[in-house]
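# Working through the structure, step by step
Residues per chain, in single letters:
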Amino acid sequence: MTLYQVDAFTNQLFRGNPAAVCPLTNWISDELMQSIAEENNLSETVFFVKKEQHFDIRWFAPSCEIDLCGHATLAAAHIIFTELNFKEKLIEFHSQSGILTVEKKEDWYTLNFPSEEIKEIETPSILVAALNVPILKTYIGKWKCMAILENEEAVQNLTPDFSKLLQLAYPDIIVTAKGNSIDFVSRFFAPKIGINEDPVTGSAHTMLIPYWANILKKNKLVAIQLSKRTGYLKCEFLNDRVEMSGQAITYLKGQLTI
């Protein structure tokens, strides 16, 4: 079994978000995929199987399977285009979150994902305690909680109390604010699934893009995820869908001795 490691949402090694990519000819057991993901110890390991007209895709964090991952989908598309002799310009992935597409445009990859509906809630007191900064508004989606902060500096300088975030009902926490020189910035925390901070999170932008498109009254946006590794995304709001464009670079190619 061949394994690749790709840095996604960047064109520089050691930046963006690393993902392990395992192309398969047939599905292996869930237990083995989970063990491989745990051994890789990256935020996500992605597995895919080629079908006639599409690819089936699944994503595993070190502790569990997840229902959607943007950066690992981008990483998988990068490997299909650069290593597996795929000649088309558009890849269609079938997943438990529906149909996802990735289109190659020169050295950029454009992911097309479903938009996530959000609703405003009263800010939980444990979230206030965990972030320890003023929270303007709080929203929830299917699994994620999103806190709107005052400005880019509040997002950049945030030092969450992860022990308190673990007490929140939602496994994924997004913090975001209007950017100084770009449209919006964000960070993403998921300590409940073993990821204190995710470097660049495509799935978070299924909530972020609709929110900021409405606030800023524009459908094309530029975003930066302000983790230590940093990620850069070009975004577009398409009502029930969103598009995220990013780059990727291969760090490693190896063989699993399983």
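Structure first, text after, so check above.
Residues numbered from 1 in each chain as written. Predicted model: local features only at pLDDT ≥ 70, side-chain atom pairs only at ≥ 80, totals over all residues. Heavy atoms only, no water.

## Things to note about the layout of surface pockets
The gaps of empty space that remain are located by a probe, the size of a water molecule, rolled over the atoms. Taken as a whole, the largest pocket holds about 290 Å³ of empty space. Lining the largest pocket are 22 residues; nearest its centre among them are Ile 66, Asp 67, Leu 68, Asp 172 and Ile 193. Those elements giving two or more residues to the lining of the largest pocket turn out to be strand 5 (65-66), helix 2 (70-83), strand 13 (184-190) and strand 14 (195-198). For the lining of the largest pocket, the per-class residue count stands at eleven nonpolar, five polar and six charged. Of the voids in this model, the second largest pocket is the one considered here, and its volume is about 210 Å³. Taken together, Asp 67, Leu 68, Gln 96, Ser 97, Pro 114, Ser 115, Glu 116, Lys 142, Trp 143, Lys 144 and Thr 206 make up the full set of residues lining the second largest pocket. When its residues are assigned to classes, the lining of the second largest pocket shows three nonpolar, four polar and four charged. (1 Å grid on protein atoms, 1.4 Å probe; cavity = no way out; pocket = protein on both sides within 12 Å on 5 of 7 lines; lining within 4 Å. Points joined across faces, edges and corners; volume = space filled by probe spheres on them. Helix = DSSP H or I, 4+ residues; strand = E, 2+ residues; numbered from the N terminus. Nonpolar A, V, L, I, M, F, W, Y, C, P; charged D, E, K, R; others polar.)

## Observations regarding the pattern of salt bridges
Summed over the entire model, instances satisfying the criterion amount to ten salt bridges. One salt bridge in this structure joins Glu 65 and Arg 58, with 2.8 Å as the shortest N-O distance. On the accessibility criterion, Glu 65 (31% relative accessible area) is partly exposed. Here Glu 116 makes a salt bridge to Lys 144, at a shortest N to O gap of 3.0 Å. On the criterion of sequence distance, the pair formed by Glu 116 in the loop between strand 8 (108-114) and strand 9 (119-121) and Lys 144 in strand 11 (residues 144-149) is long-range, its members being 28 residues apart. By relative accessible area, Lys 144 is classed as buried at 7%. (Salt bridge = Lys/Arg side-chain N within 4 Å of Asp/Glu carboxyl O. Buried < 20%, exposed > 50% of the residue type's maximum accessible area, 1.4 Å probe, protein only.)

## Details of the packing of aromatic side chains
In this description, an aromatic ring pair is defined by two values, namely the gap between the centres and the angle between the planes. According to the stated counting rule, one finds twelve aromatic pairs in the structure shown. The interplanar angle of 70° and the centroid separation of 5.7 Å between the aromatic rings of Phe 81 and Phe 86 together place this pair among those described as edge-to-face. Assessed through its relative accessible area of 19%, Phe 86 is described here as buried. A centroid spacing of 6.3 Å and a plane angle of 65° characterise the contact between Trp 108 and Tyr 232, whose relative ring orientation is edge-to-face. Separated by 124 residues along the polypeptide, Trp 108 in strand 8 and Tyr 232 in strand 16 (residues 231-238) bring together distant segments of the chain. Relative accessible area serves as the criterion here: at 36%, Tyr 232 is assigned to the partly exposed category. Within the aromatic cluster, the residues linked to one another by ring pairs are Phe 48, Phe 55, Phe 81, Phe 86, Phe 93 and Tyr 109. (Phe/Tyr/Trp six-rings, centres within 6.5 Å; stacked < 30°, edge-to-face > 60°.)

## What about the environment of Phe 184?
Among the secondary structure elements, Phe 184 is positioned in strand 13. Along the primary structure Phe 184 and Glu 152 are separated by 32 residues, whereas in three dimensions their C-alpha atoms are 8.0 Å apart.

## Overview of a nonpolar patch on the surface
On the surface, Leu 13, Phe 14, Tyr 251 and Leu 252 cluster together to form a nonpolar patch covering roughly 380 Å² of accessible area. Tracing the chain through its elements places Tyr 251 in strand 18 (residues 248-255). For Tyr 251, a relative accessible area of 42% gives the class partly exposed. (Patch = residues over 30% accessible without salt bridge, like charges linked within 9 Å, V, L, I, M, F, W, Y side chains within 5 Å. Areas by Shrake-Rupley, 256 points an atom, 1.4 Å probe, with all protein chains shown as cover.)

## Quick look at the environment of Leu 68
By secondary structure assignment, the location of Leu 68 is in the loop between strand 5 and helix 2. In this structure the C-alpha to C-alpha distance between Leu 68 and Arg 58, which are ten residues apart in sequence, comes to 8.1 Å. With sequence-adjacent residues up to four places away left out, Leu 68 is seen in contact with Trp 59, Ser 97, Leu 100, Phe 113, Ser 203 and Thr 206. (Contact = heavy atoms within 4.5 Å.)

## As for the nonpolar core
Ranked by size, the top nonpolar core spans 56 residues in total, and within it Val 21, Trp 59, Ile 91, Phe 93, Met 146, Phe 184 and Ile 209 carry the most contacts. If one sorts the elements of this core by residue count, helix 2 sits on top with eight residues. With 20 residues, the next largest nonpolar core counts Ala 130, Leu 158, Leu 165 and Leu 226 among its residues. (Core = buried A, V, L, I, M, F, W, Y, C linked by side-chain atoms within 4.5 Å.)

## Some thoughts on the pairing of strand 13
Taking burial as the measure, the seven residues of strand 13 include seven buried ones, the bulk of the element. Here strand 13 shows no split at all, with Phe 184, Ser 186, Phe 188 and Ala 190 on one side and Val 185, Arg 187 and Phe 189 on the other all buried. Direction of pairing for strand 12 (residues 172-178) relative to strand 13: antiparallel, over a ladder of six bridges. Looking at strand 13, one finds that Val 175 is bridged to Arg 187. The antiparallel hairpin formed by strand 12 and strand 13 contains five residues in its connecting segment. Looking at chain direction, strand 13 and strand 14 are connected through two bridges and run antiparallel. Residue pairing in the sheet places Ala 190 in a bridge with Ile 195 of strand 14. Turn length for the strand 13-strand 14 hairpin, with the two strands adjacent in sequence and antiparallel, is four residues, and the turn residue Gly 194 shows positive phi of about 85°. (Pairing = 2+ DSSP bridges.)

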